[in-house]
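# Observations on the model geometry
Below, each chain spelled out in residue letters.
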Amino acid sequence: MNLSKYIELIKAGEVVAFPTETVYGLGADAWNPSAIQKIFKVKGRPSDNPLIVHISDLQQIENFALDIPESTQKLMDAFWPGPLSLILKKKPEVLDAVTAGLDTVAIRMPSHPLALEFIFKTGPLVAPSANTSGKPSPTKAEHVKQDFGEYFPVIDGEATKIGLESTVIDLSQVIPSILRPGSISRKQIEEVLGTFVEESFFHHTEKPRSPGQKYSHYKPNADVRWLKEDEQPNDPFCLYLLISNSEQASNIINYNGDLNRLAAELYDRFRQADVEGFGSVVIEIFDDLNSHIAPVLLNRIQKALH
Ligand code: TXA
Ligand code: MG
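Residues numbered from 1 in each chain as written. Chains lettered and ligands numbered in written order. Predicted model: local features only at pLDDT ≥ 70, side-chain atom pairs only at ≥ 80, totals over all residues. Heavy atoms only, no water.

Frequently, the measure chosen for interface size is the accessible area that the parts lose on association. Parsing the chain into structural domains produces domain 1 (4-199) and domain 2 (223-305). The centre of domain 1, based on its C-alpha atoms, is set 27 Å off from the matching centre of domain 2. Tallying the contact residues gives 23 residues for domain 1 and 14 residues for domain 2. Where domain 1 abuts domain 2, roughly 1,500 Å² becomes buried across the two surfaces, and 55% of that area is made up of carbon and sulfur atoms. Measuring nitrogen to oxygen at the nearest pair gives 2.9 Å for the salt bridge that ties Lys140 to Asp268. Remark: the boundary between domain 1 and domain 2 carries 11 residue pairs in polar contact (both at pLDDT 80 or more). Class assignment of the residues belonging to the side of domain 1 that touches domain 2 gives a composition of 6 nonpolar, 11 polar and 6 charged. (Domains from an automatic or database assignment. Contact = heavy atoms within 4.5 Å. Buried area = accessible area lost by both parts, 1.4 Å probe. Salt bridge = Lys/Arg side-chain N within 4 Å of Asp/Glu carboxyl O. Polar contact = N/O pair within 3.5 Å; in protein donor to acceptor, adjacent residues only side chain to side chain. Nonpolar A, V, L, I, M, F, W, Y, C, P; charged D, E, K, R; others polar.)

Printed below as a string of structure tokens:
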């Protein structure tokens, strides 16, 4: 694919959406404050919600992070490029617009080949998910256009593989702490670090450690709810996502136990429900304890429940 017009846009201080292996990101030059302001404007994003810096080369981390502790090095070696965002103490020159004034910065190196090529040619990009604030993250180029308009610049990399946002881990404190679950699990991280890792997902009674945790996320206009015990999937105004039940109908999608496929498609189904006018998305409960993705799916579905 020819990326030159998108590279020119970034260099001119504009924003461009691009695919990653998790979801589509809305990219801007990480060193250009007015380009970064455009991200907040386009998304309607609260200005106290910091952004993830996306890099294409391991060395680039040194321009953002104050130092690279051994734990950071181990996680970079094990999981980059890939869906893991590391929160580290920031260098003083990192822009406040990136970190929302925090003394830490989130960094990740995505694995999608188009993302790597794009960032290689533009330099580090800040990139939140490329959706209007509060909407489900985009997993296809057409989702970005649903939110930002037909003529919005999007690099089309087809449907994203993972479909749920990266794991966010805070390495700036003594005990590493997962602030957002993602497809790289706590168990995988503990194996690499050889130490205990805590999970600190926001419960609405506490002060969040990650500003993004306090905002509503991932919600379609349709109601999202669980399939009730003994409920038959026969309401034509519902879009059913079934795991083990194999009923057939045009408004029923059977995942046959494949939770990775449900994860990859979840946000697409949320958006489909709104485009096709379904009142509810009804999801069958699952309990695959051996799956890395099951708790992540649960986290995102719970945030979308009304
Ligand atoms: O998979 C992903 O991470 C996608 C793709 C595009 O890379 N990006 C993404 O970005 O999901 P965004 O902005 O939608 O979510 C970033 C999350 C937010 O919850 C934000 O609050 C948190 O990371 N975050 C960023 N910097 C932080 C920091 N310094 N301290 C704590 N949380 C931070
Ligand atoms: Mg987001």
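Right, let's get into helix 8 (residues 259-276). For helix 8, with 18 residues, the first-to-last C-alpha span of 24 Å sits near the 26 Å given by 1.5 Å per residue. For helix 8, the principal kink sits at Glu265 and spans about 50 degrees. For helix 8, the side-chain oxygen to backbone nitrogen distance between the N-cap and Asn260 is 3.3 Å, and the N-cap itself is Asp258. Directly beyond the C-terminal end of helix 8, a positive phi value near 75 degrees is found at Gly277. (Helix = DSSP H or I, 4+ residues; strand = E, 2+ residues; numbered from the N terminus. Expected span 1.5 Å × (residues − 1). Bend = angle between axes of the 7 residues up to and from the residue.)

Once that is clear, we can look at the packing of aromatic side chains. A complete count under the given rule lists 5 aromatic pairs for this structure. Taking the centre distance of 4.9 Å and the plane angle of 20 degrees together, the rings of Trp31 and Phe64 count as stacked. Separated by 33 residues along the polypeptide, Trp31 in the loop between strand 2 (25-29) and helix 2 (33-43) and Phe64 in the loop between strand 3 (52-54) and helix 3 (70-79) bring together distant segments of the chain. Of the residues examined, Trp31 reaches a relative accessible area of 37% and is grouped as partly exposed. (Phe/Tyr/Trp six-rings, centres within 6.5 Å; stacked < 30°, edge-to-face > 60°. Buried < 20%, exposed > 50% of the residue type's maximum accessible area, 1.4 Å probe, protein only.)

Attention now moves to the sheet that holds strand 12 (residues 252-254). On the basis of which strands lie adjacent, the open sheet formed by 4 strands has the order 10-13-11-12 and parallel pairing. The two strands at the open ends of the sheet, each matched to only one other strand, are strand 10 (223-226) and strand 12. Across this sheet, the average inter-strand angle for adjacent strands is 15 degrees, counted without regard to direction. Bridge analysis of strand 11 (residues 238-242) against strand 13 (residues 280-283) gives 4 bridges, and the strand direction is parallel. The residue of strand 13 that forms the bridge with Leu239 is Val281. Of the strands in this sheet, strand 10, strand 11, strand 12 and strand 13 are in contact with helix 8, which crosses strand 11 at around 175 degrees. (Pairing = 2+ DSSP bridges. Axes fitted to C-alpha atoms, helices over the stretch in contact; angles between N-to-C directions.)

Looking now at the packing of helix 8 against helix 9 (residues 294-304). In the contact formed by helix 8 and helix 9, the axes pass within 10 Å of each other and the chain directions differ by 20 degrees. It follows that helix 8 is roughly parallel to helix 9 by the angle criterion. Note on packing geometry: the crossing formed by helix 8 with helix 9 is left-handed. The segment helix 8 lies against helix 9, with Leu259, Leu262, Ala263, Leu266, Tyr267 and Phe270 engaging Ala294, Leu297, Arg300, Ile301 and Ala304. Partitioned by chemical class, the residues of the contact of helix 8 with helix 9 number 10 nonpolar, no polar and 1 charged. (Parallel < 35°, antiparallel > 145°, perpendicular 65-115°, else oblique. Left-handed = near helix turned anticlockwise from the far one by under 90°.)

The phi torsion of most residues other than glycine is negative, and most of the peptide bonds are trans. The step from Trp80 to Pro81 runs through a cis peptide bond, and the omega angle for that step is -10 degrees. Structurally, Pro81 can be placed in the loop between helix 3 and strand 4 (84-89). You will see that Asn256, though not glycine, has its phi angle at about 45 degrees, which is positive. Within the secondary structure layout, Asn256 lies in the loop between strand 12 and helix 8.

A few words now on the pattern of salt bridges. Pairing of side chains with opposite charge becomes possible as their charged atoms draw close. For the structure shown, the criterion picks out 13 salt bridges. Glu21 serves as the salt-bridge partner of Arg108, at 2.7 Å between the closest nitrogen and oxygen. With Arg108 in strand 5 (residues 104-108) and Glu21 in the loop between strand 1 (16-18) and strand 2, the pair connects residues that are 87 residues apart, well separated along the chain. Owing to a relative accessible area of 6%, Glu21 belongs among the buried residues under this scheme. Note that Glu265 is salt-bridged to Arg261, the shortest N-O span being 3.3 Å. Of this pair, Glu265 and Arg261 are both found in helix 8, 4 residues apart, which corresponds to roughly one turn of the helix. Here Arg261 falls in the partly exposed class, since its relative accessible area comes to 30%.

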